[in-house]
Amino acid sequence: DGIRDAQESRGLGDVYKRQGWMLAGAGWEDALTIAIAVLIITCPCALALAVPAVQVAASSRLFAKGVLVKAPDGLERLAEVDTVVFDKTGTLTYGVPRLVNGEDISDRTLRDAAALASASRHPYAAAVVAAARERFGAVALADGVEERPGFGLRLVVEAGERRLGSAIWCEVPPARGEDASLWYRSEDGALAAFRFEDRLRTDAGEAVAALKRAGFAIEILSGDREETVAAAARAVGVDCWRARTTPPEKIARLPALKAEGRRVLMVGDGLNDAPALAAAHASLSPSSAAAISQTAADAVFQGDRLAPVIETLATARKSVSMSRQNFMIAGIYNVMFVPLAIAGHVTPLIAAIAMSTSSILVTANALRLRGMKLELRR
């Protein structure tokens, strides 16, 4: 509507310009020719292409590097980010943990826990199922399992209730809560600890270092136990981290950062990360994430590395500067050719060539982004 209104007012202005030249003594043919030249010259094609051309080029570049930008304004918000908050499991790590204390867990406990875990896509649940399949060959999914994101699973049986999840969810005494990342509580109240080993992504430390050099503040918010989160934070060089965080606590942390004037990028993959992804200023999720997290994220990246996070931020920042360059190109074109057209020094043919050239320049400048070598800087 804005472009249409501008065109209508421009057309009315051309009528006045034609009348002005006729009042000055020019013939109606010359006055009409000048008005047509002005009409062509002032076509806002270059201005209209300034931002969309850059966005298309940036999205194309990121897609070629395994990043799918989903949100229409995602690049703009990603360019404004100054703080990055990571989830741990499945984001800083590969999200494929391995059960390491299986020999301490009885067959019945492992079978019952796996029957609950089969109902969840959480990496720890998948590790329990994998261990059970290795021992028994097959795992049967229990009917009626309920999952509470950020806490765990439960199943009501005739003799009581079985639970698999966090220490709080399984009512583990505080003194034992840090002994394991996952707990199972049987219907008779017996507790079993499940301990896991998960590898950090190969470039996690490198990615965090690159973000720090570019001036970003880094935090880790994880629902895992303190010992595990602290070890991961030390390994990648993050000083600010929080463990045992529930989904409501993650969401509450983001407004707190916003109140400090921060613009937060949330990077997470789990079912319990989806609300935080939606609440952040911008969000990224790996392609291995739960479907709801991918839906909530502004962009999804592929692969086993965190390099796409750096690439996405660098491309987003560069796209903003190139949009400004395109506006400058369009502005210079208008400053140069509009006065010449009004003065009668430009024919309609020259005006058409100039207008087309300005659009080509804007598009060509945007296409440079696809092949640029970018570095994330302050």
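Residues numbered from 1 in each chain as written. Predicted model: local features only at pLDDT ≥ 70, side-chain atom pairs only at ≥ 80, totals over all residues. Heavy atoms only, no water.

Colleague: Help me understand the packing of helix H13 (residues 307-342) against helix H14 (residues 348-371), please; the structure alone is not making it clear to me.
Modeller: To describe two helices that pack against each other, one gives the angle between their axes and the distance between the axes. Two elements in contact, H13 and H14, have axes whose closest approach is 10 Å; the angle formed by their N-to-C orientations is 165 degrees. The orientation of H13 relative to H14 falls into the category roughly antiparallel. Classified by chirality, the crossing of H14 by H13 is right-handed. Contacts between H13 and H14 involve Thr315, Lys318, Ser319, Met322, Gln325, Asn326, Ile329, Tyr333 and Phe337 from the former and Ala354, Met355, Ser358, Leu361, Val362, Asn365, Ala366, Arg368 and Leu369 from the latter. For the contact of H13 with H14, the class distribution of residues is 10 nonpolar, six polar and two charged. (Axes fitted to C-alpha atoms, helices over the stretch in contact; angles between N-to-C directions. Helix = DSSP H or I, 4+ residues; strand = E, 2+ residues; numbered from the N terminus. Parallel < 35°, antiparallel > 145°, perpendicular 65-115°, else oblique. Left-handed = near helix turned anticlockwise from the far one by under 90°. Contact = heavy atoms within 4.5 Å. Nonpolar A, V, L, I, M, F, W, Y, C, P; charged D, E, K, R; others polar.)

Colleague: Would you mind going over the sheet that holds strand E13 (residues 282-286) with me for this structure?
Modeller: Backbone-to-backbone hydrogen bonds pair the strands of a sheet. The strands run either parallel or antiparallel. One open sheet accounts for seven strands, arranged E1-E14-E13-E12-E2-E10-E11; its pairing is mixed. In this open sheet, the two edge strands, each paired with only one partner strand, are strand E1 (67-69) and strand E11 (240-242). Pairwise comparison of adjacent strand axes, ignoring direction, gives a mean angle of 20 degrees for this sheet. Across the face of the sheet, helix H10 (residues 247-259) comes into contact with strand E2 (83-86), strand E10 (217-221), E11 and strand E12 (264-267) while running at roughly 160 degrees to E10. (Pairing = 2+ DSSP bridges.)

Colleague: I would appreciate a short explanation of the pairing of strand E5 (residues 152-157) in the present structure.
Modeller: The side chains of a regular strand alternate, residue by residue, between the two faces of the sheet. Both strand E4 (residues 146-148) and E5 contribute to a ladder of three bridges, which runs antiparallel. Bridged to arginine 148 within E5 is glycine 152. Joining the antiparallel neighbours E4 and E5 is a turn of three residues, in which glycine 150 adopts a positive phi near 90 degrees. In sequence, E5 turns back onto strand E6 (residues 160-165) through a hairpin of two residues.

Colleague: I tried to follow the environment of isoleucine 218 on my own but got confused; where do I start?
Modeller: Secondary-structure assignment places isoleucine 218 in strand E10. Each C-alpha atom, one on isoleucine 218 and one on valine 264, is 9.6 Å from the other, the two residues being 46 residues apart in sequence. Setting aside residues up to four positions removed in sequence, isoleucine 218 forms contacts with Val84, Phe86, Leu211, Lys212, Val238 and Cys240.

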